[in-house]
Each structure stands twice: as C-alpha cells, then as structure tokens.
Amino acid sequence: MRLSAIGLLVTLILGVLVAPHAVAAQAPAKAARIGWLRGGPETPEVRPITDAFIQALHDLGYSVGQNATLAIRFPTGPATLSALAHELLQFQPDVIVTSSPAAAEAVRQATTTVPIVAEDLETDPVASGLVERYSHPGGNLTGVFLDVPEFSGKWLELLREVVPGLTRVAVLWDPATGPVHVRGLESAARRVGGQLHVLEVRRVEDFAGAFRAAMPAHPDAVIALSAPLVNNHRQHLAALALTHHLPAMTLFPGFARDGGLMAYGPDLERFRQAARLVVKILHGAKPADLPIERPTEFKLVINLKTAKALGLTIPPTLLFQADEVIR
C-alpha cells in the first residue's frame, strides 16, 4: 500500500556499499520489511545512528536495498507519533523499531501483533507497562533499555572531579522521558550534599529559557538528562552551555564531540544490539520470549578544548579513564 506524506518517510531502497564482514550471517531466504519510528527529527547529529543500524543489519545478513527495505518515520510539523505509527503499519512491516519512550508507546498502542524492538534510554519498561517482565516481556515488544537510576549518579560524580567545590547543579529534564534518571540524580545529590535545580525542557526553544532561569542560582554546572530532544540538538545545547560559561554533561558521547565538556553513556552499540534483536525476530523468535537487554558498552568522552575555554583542568586520572579525548 502506498504510504501518505504525513511526517517524513524515508524508504531506503538503495544498496549500502560496504565490504563483506567476516562474521556476517547467512543470507535470509526472504526479503525483510523493517519500520522505524524515531522520536525526533532527522538531524546531522543522529545520522550516525541510522548508519550504525544499517551496518549491523548488513553484518547479520540483511542488506538494505537488496534483501531488506527500511522505512523510517520522523515527526515533523503537526504529525503526531500516533499518526506516524499507523502510517508505518501501512508498510506492512515484519518488525518495527522505536527510538524514544513516546515512539514505543505510540507503536504499542497502534498494534498488538507486529513485533516491536524499542531502543529506550529513559524508561523503566516494567513500571511503565510496556512489558510484563524483563526476562519474559510477554507481549509484542522487547528492546534495549537503560532503566538504571543509579547510572545518573555517575554524571554528578564525574563533574565533581572536574569542578572543584561543585554543589549546585542545573538539570535540564524533558518530562516526556519519565522520572527514572531525574530520581536517580536526586538520590545521588542527597548522598553528596548537592543541590539540584530541575528545569523542564519540552522543545529545543526551551533550552535558552532554561539557562536564563538557572543563572540567578549561580549553578556550578549543568546536566542534561537523557532525551531524544537533547541528542537531536547537542550542538545547540553545547553552545548555550559555553555561552553561559557552564561545564555541561550528558549521556550522549556525541555531546562532547560537538563542544560539550563531557559525556558518559552508551554509544552506537545500542543500535547494533537493537539490530540483533530485529534479526532474531526475522528468524522466527517472538518478542515475548526475548529478554529485555541493557546497553553493554559505555564511553567517557572529554573535550579539552571546552575545558580550556571554561578555565578548567581535567585531572590526569580522569583523562586516563576517558575512551576519547577531544584536543
């Protein structure tokens, strides 16, 4: 069935030119139809995500444009995620990937039969009702989730190593992502006697206002909690932090590459994990029987250029721990 023009549908029909991979799986018997609902617009910051996912599919025997078709939807203009989810179902996919809590919920509401693989760094899948149990999801959804509240404390710990006497931290939080990480950060702050000023951001236009609202409290640093909104606009956020002379930290490694001070979190491997789950489903596995996974690789990225601009010295011990240093 022909897809309508609601939102932006990118149907990748050209072959991906990549070298053969030594561990590539045997080519599948039939072509696969894979849908993907993203939580934010297509931006240069998220293009590597698409590339990593396509490469992972290729390594596992599914080459887009040859034996697989990938239809991607991005919310644009007035189109809702619910409408885009129903549009993707017209594509008659064998499986749908989702990126963001809202995207996962939109597809789950739209279908109880099409398998869903969610990539979600903010939601507790059991508490939110997406699945019944971690070990046995029980429905048509499985995926990769980072629902570990204590993980948030690592950002505060790292900032305290770089910013002497850090006590006050401004926190940018998109409520649409849920409370997992904000609660984890609050718990960590109580342990070390830190003070948090949580500021809600729901649109990229809210970033500048949040910084202005934070400055009267004289924060020592800013933490942007994990959200598609943050990942989709990393450069803008990094520039605002530098303009306000604030050390900034977030989950996405690309943030430090784009000018932020530091980032600690899972990189593109989480999309390769999602691709592996997709291929298991294409080979006959049921989401109900595929345990929820968590990211397996985390990166600490430090931007020394930004540290110099902020007048900060990164301790040698922290530089030694870093997976990547921007000089």
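Higher on the page you've got the structure.
It should be emphasised that the depicted structure is a prediction, and the values quoted were computed from it without experimental measurement.

So, about the packing of helix α2 (residues 81-90) against helix α3 (residues 101-110). Interhelical geometry of α2 versus α3 gives an angle of 55° and a closest axis separation of 9 Å. As judged from the angle between their axes, α2 and α3 are oblique. In this structure, α2 meets α3 at a crossing whose hand is right-handed. Contacts from Leu81, Ser82, Ala85, His86 and Leu89 of α2 reach α3 at Ala102, Ala103, Ala106, Val107 and Ala110. Partitioning the contact of α2 with α3 into residue classes produces 8 nonpolar, 2 polar and no charged.

This structure, assessed with the given rule, holds 17 salt bridges. A salt bridge links Arg270 to Glu119; the nearest nitrogen and oxygen atoms lie 2.6 Å apart. Of this pair, Arg270 sits in helix α10 (residues 269-282) while Glu119 sits in strand β5 (residues 116-120); the two residues are 151 residues apart in sequence, bridging distant segments of the chain. By relative accessible area, Arg270 is classed as buried at 5%.

For the structure shown, the criterion picks out 6 aromatic pairs. Centre to centre, the rings of Trp36 and Phe271 are 6.1 Å apart; their planes meet at 45°, and the pair counts as tilted. You can see Trp36 sitting in strand β2 (residues 32-38) and its partner Phe271 sitting in helix α10, a full 235 residues away along the chain. Judged by relative accessible area, which is 0%, Trp36 ranks as buried.

Another aspect to go through is the pairing of strand β6 (residues 141-145). Counting buried residues in β6 gives 5 out of 5 residues, a clear majority hidden from the surface. Along β6, one buried face is formed by Leu141, Gly143 and Phe145 and the opposite face, lined by Thr142 and Val144, is buried too. When β5 meets β6, the two strands line up parallel, connected through 5 bridges. Within β6, the residue paired with Glu119 across the bridge is Val144.

Within the open sheet, the 7 strands sit side by side as β8-β7-β9-β10-β11-β12-β13. Their pairing is mixed. Of all the strands in the sheet, just β8 (195-200) and β13 (324-326) have a single pairing partner and so form its edges. Within the sheet, the average angular offset between the axes of one strand and its neighbour, ignoring direction, is 20°. One ladder, built from 5 bridges, connects strand β11 (residues 262-266) with strand β12 (residues 298-303); its direction is antiparallel. The partner of Pro266 across the bridge, within β12, is Phe298. Taken strand by strand, helix α5 (residues 180-192) contacts β7 (168-173), β8 and β9 (221-224), and its axis lies near 160° from that of β8. On top of the sheet, helix α6 (residues 206-214) reaches β7, β8 and β9; it is set at about 150° to β8, its chief contact.

What counts and how
- Residues numbered from 1 in each chain as written.
- Predicted model: local features only at pLDDT ≥ 70, side-chain atom pairs only at ≥ 80, totals over all residues.
- Heavy atoms only, no water.
- Axes fitted to C-alpha atoms, helices over the stretch in contact; angles between N-to-C directions.
- Helix = DSSP H or I, 4+ residues; strand = E, 2+ residues; numbered from the N terminus.
- Parallel < 35°, antiparallel > 145°, perpendicular 65-115°, else oblique.
- Left-handed = near helix turned anticlockwise from the far one by under 90°.
- Contact = heavy atoms within 4.5 Å.
- Nonpolar A, V, L, I, M, F, W, Y, C, P; charged D, E, K, R; others polar.
- Salt bridge = Lys/Arg side-chain N within 4 Å of Asp/Glu carboxyl O.
- Buried < 20%, exposed > 50% of the residue type's maximum accessible area, 1.4 Å probe, protein only.
- Phe/Tyr/Trp six-rings, centres within 6.5 Å; stacked < 30°, edge-to-face > 60°.
- Pairing = 2+ DSSP bridges.

Treat this as a map of the structure, not an account of what it does.
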